[in-house]
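Notes for the structure review
Below, each chain spelled out in residue letters.
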Amino acid sequence: MKLRIQNGRIIDPSQNIDTVTDLFIDNQKIVAIGDAPAGFEDAEIVDATGQWVLPGLVDLAVALREPGLTQKGSVATEGRAAVSGGVTTLVCPPDTRPIVDTPAVAALIQDKADEAGMANVFPIGALTQGLEGAQLSNMVALTDAGCIAVSNHRHPMASTKVLSRALEYAATHDLLVVFHPDESSLSEGGCAHEGLMSTMHGLAGIPEEAETIALMRDLLLVEKTGVRAHFARLSCAKSVEMIADAKASGLDVTADVAVHNLLLNDQVLSRFDGHYHVLPPLRGDEDRLTLIEGIKAGVITAICSDHQPHEKMAKIAPFAATEPGMANVEILLPLAMLLMDEGDLDFSTVLTCLTSGPAACFGLEAGSLSVGSFADFILFDSTARWVWSYDTRKTKGHNSPYFGDEFVGRVAATYISGQRVYQAV
């Protein structure tokens, strides 16, 4: 089907495009920007006057919860939530039940995604069997089954020797390894940033060293093995400095940050609200500001939602007893745009970190409106004022501190391969 998106403001930082013009789609792909190709007289026309035409968002951290945790979410519900937020490509972690440590589980997730017909879904495979950190998984088989990377998520390794062997194996087969730097002996039992706020409120703290000590070890092993590495969900100022130094020394490393770690700090602990219980924790404001500086400097090249839906009961408990995580994939773009309101980041930088930046981290052909690419894009009403309502949410998750908040800017429609998969009411 031929499609003409007419009179929209096309913004694509990957091509340095920001202009009001037309976008042309044929056979699921973008075939032209600006002037119509031959034979487009009979194309279906979508009038995008007054709207922004943006590349579909790429989110590197969306827990779909299926298989095994469907009381929290499913491929269908979280995929629907993703496209309502303009996310057309998402990466899901391996911590399902069963774990994504066999090709069968990887295939199941992708089959469910195809059946749902929502976002493009790419699973991460387990680095070790059962994420137990002892026996290596069959990483090559997982990759052949569609996994785009391997990771032990936030589960500890049995020893540094096992981790070293796993990285050597991954490097031999040119596999991407995703690290969640965490020294479990320091973080175990903690639920908040170790500092004045956690002490005042009697909460067990997680020191910054739990992240930075593990990060230093991981970087040394990356240097030793030559493995391609991505560091997920940085939270500390020191971590930004360490990644910057690693990049400067020539290591093949990338990094991302969760949007809530850019917007919030540990002062919210005073609310005693379990919706702010996340891992890694919300840290001090110096850390938050340094993470933003890391984005400006190109040290961190991806912003993700770190979407972790939970059932209602998971958050109805004292802070430390609640399950960590927020469910914010539906509002990833307007949340990220709040950074502009504070004057911290310009829109081009924000959009890059939501599209071509994360795509490049994982080698995905996504996040761009370039001619020849699949027509994954969104229509965005940048002036719309709306309230994200608990009752109208698409996610199955009950856990977000942003329910009831008003946002400026809303996804009006989402297209994947030229097909509309979401239309705002």
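Residues numbered from 1 in each chain as written. Predicted model: local features only at pLDDT ≥ 70, side-chain atom pairs only at ≥ 80, totals over all residues. Heavy atoms only, no water.

Quick notes on the pattern of salt bridges
Defined as follows: Within this document, salt bridges are pairs made up of a side-chain nitrogen of Lys or Arg and a carboxyl oxygen of Asp or Glu, the two lying within 4 Å of each other. Starting at the N terminus, helices and strands are each numbered in turn, a helix being any DSSP run of H or I of at least four residues and a strand any DSSP run of E of at least two. We call a residue buried when its accessible area falls under 20% of the maximum for its residue type, exposed when it is over 50%, and partly exposed in between, using a 1.4 Å probe and counting protein chains only.
Summed over all chains, the structure comprises 16 salt bridges. Two residues, Arg233 and Asp306, come together in a salt bridge whose shortest N-O distance is 3.8 Å. On the criterion of sequence distance, the pair formed by Arg233 in the loop between strand E14 (228–231) and helix H8 (237–248) and Asp306 in the loop between strand E16 (302–304) and helix H11 (332–341) is long-range, its members being 73 residues apart. For the pair Arg233 and Asp306, a shared accessibility class is recorded, and that class is buried. Put simply, Lys238 and Glu241 hold a salt bridge, and the shortest N to O gap is 3.3 Å. Taken as a pair, Lys238 and Glu241 lie in helix H8 at a separation of 3 residues, close to a single helical turn. Each of Lys72, Glu311 and Glu323 takes part in salt bridges that share partners, so that together they form one network.

Let's talk about the layout of surface pockets
Selection criterion: Only protein atoms enter the 1 Å grid used here. Points where a 1.4 Å probe fits but cannot escape make up a cavity, open sets with protein on both sides within 12 Å along at least five of seven lines make up a pocket, and a residue lines them when an atom lies within 4 Å of a point. Grid points are joined across faces, edges and corners, and a volume is the space filled by probe spheres set on the points. Polar here means any residue outside two lists: the nonpolar Ala, Val, Leu, Ile, Met, Phe, Trp, Tyr, Cys and Pro, and the charged Asp, Glu, Lys and Arg; Gly therefore counts as polar.
One number sums up the size of the largest pocket: a volume of about 830 Å³. Taken together, 43 residues form the lining of the largest pocket, with Asp95, His153, Arg154, Leu279 and Pro324 sitting closest to its centre. Of the residues in the lining of the largest pocket, the class split is 17 nonpolar, 15 polar and 11 charged. Counted as a void, the second largest pocket has a volume near 290 Å³. Looking at the second largest pocket, it is lined by 22 residues, and the ones nearest its centre are His155, Pro156, Met157, Asp182 and Arg217. Within the residue set of the lining of the second largest pocket, elements represented by two or more residues are helix H4 (160–172), strand E11 (176–179), helix H5 (184–187) and helix H7 (209–225). Of all the elements, E11 adds the most residues to the lining of the second largest pocket, at 3 residues. Of the residues in the lining of the second largest pocket, the class split is 8 nonpolar, 9 polar and 5 charged.

Description of the UniProt feature "domain: Dihydroorotase catalytic" (unreviewed entry) in the protein
Stated precisely, the cut-off is as follows: UniProt positions are given in the numbering used here, feature names are shortened, and annotations may be inferred rather than shown by experiment.
The UniProt entry lists residues 50–235 under the feature "domain: Dihydroorotase catalytic" (unreviewed entry), expressed in the numbering used here. As a span, residues 50–235 carries 37% helix and 18% strand, and end to end its C-alpha atoms are 37 Å apart.

Quick notes on the environment of Val240
Heads up, the condition is: Note on contacts: a residue pair is in contact if any heavy atoms of the two residues lie within 4.5 Å.
Examined against the element boundaries, Val240 turns out to sit in helix H8. It is 7.0 Å that separates the C-alpha atoms of Val240 and Val299, two residues lying 59 residues apart in sequence. When sequence neighbours within four positions are dropped, the list of residues in contact with Val240 reads Thr290, Leu291, Gly294, Val299 and Ile300.

Thoughts on the packing of H11 against helix H12 (residues 347–354)
Let me state the cut-off plainly: Fitted lines through C-alpha atoms serve as axes, helices being fitted only where they are in contact, and the angles separating the N-to-C directions of these axes extend from 0 to 180 degrees. Helix crossings get a hand from a simple test, with the near helix turned counterclockwise from the far one by less than a right angle marking a left-handed crossing and a clockwise turn marking a right-handed one.
Their axes nearest at 9 Å, the elements H11 and H12 cross at an angle of 145°. H12 is crossed by H11, and the crossing has right-handed handedness. Between H11, through Leu332, Leu333, Ala336, Met337 and Met340, and H12, the contact on the second element is made entirely by Phe347, Val350 and Leu354. For the contact of H11 with H12, the class distribution of residues is 8 nonpolar, no polar and no charged.

What to know about the environment of Gln423
Just so we agree on the cut-off: For this analysis, a polar contact is any N or O atom pair within 3.5 Å, provided that within protein one partner can donate a hydrogen and the other can accept it, and provided that sequence-adjacent residues contribute only side-chain to side-chain pairs.
Here Gln423 shows up in strand E19 (residues 419–423). On the basis of relative accessible area, Gln423 is assigned to the partly exposed category, the value being 40%. Through-space distance from the C-alpha of Gln423 to that of Val83 is 9.4 Å; in sequence the pair is 340 residues apart. Not counting residues up to four positions away in its chain, the partners in contact with Gln423 are Ala412 and Ala413. Side-chain polar atoms of Gln423 contact the side chain of Arg420, separated by 3.2 Å.

As for the state of the cysteines
Stated formally: Two cysteine sulfur atoms make up a disulfide if the distance between them is within 2.5 Å.
Evaluation of the coordinates by the stated rule reveals 0 disulfides. Between Cys353, a free cysteine, and Cys361, which holds the nearest cysteine sulfur, the sulfur-to-sulfur gap is 8.7 Å. Look at Cys353 and you get buried, because its relative accessible area is 5%.

A closer look at the pairing of strand E2 (residues 17–26)
Our working definition: Only strands joined by at least two bridges in the DSSP assignment are considered to pair.
Looking at chain direction, strand E1 (residues 3–12) and E2 are connected through 8 bridges and run antiparallel. Looking at E2, one finds that Ile10 is bridged to Thr19. Taken together, E1 and the strand that follows it, E2, pair antiparallel across an intervening segment of 4 residues, in which Asn16 is found at a positive phi of about 55°. Where E2 lies against strand E3 (residues 29–33), 4 bridges are found, and the strand directions are antiparallel. Considered in E3, the bridge of Phe24 is made with Ala32. The turn linking E2 back onto E3 is made up of 2 residues, and Asn27 within it adopts a positive phi angle of 55°.

A short note on the pairing of E19
Taken together, the 4 bridges between strand E18 (residues 406–416) and E19 define a ladder with antiparallel strand orientation. The residue bridging Thr414 from the neighbouring strand is Tyr422, located in E19. Connecting E18 to the next strand, E19, in antiparallel fashion are 2 residues, including Ser417 with a positive phi near 50°.

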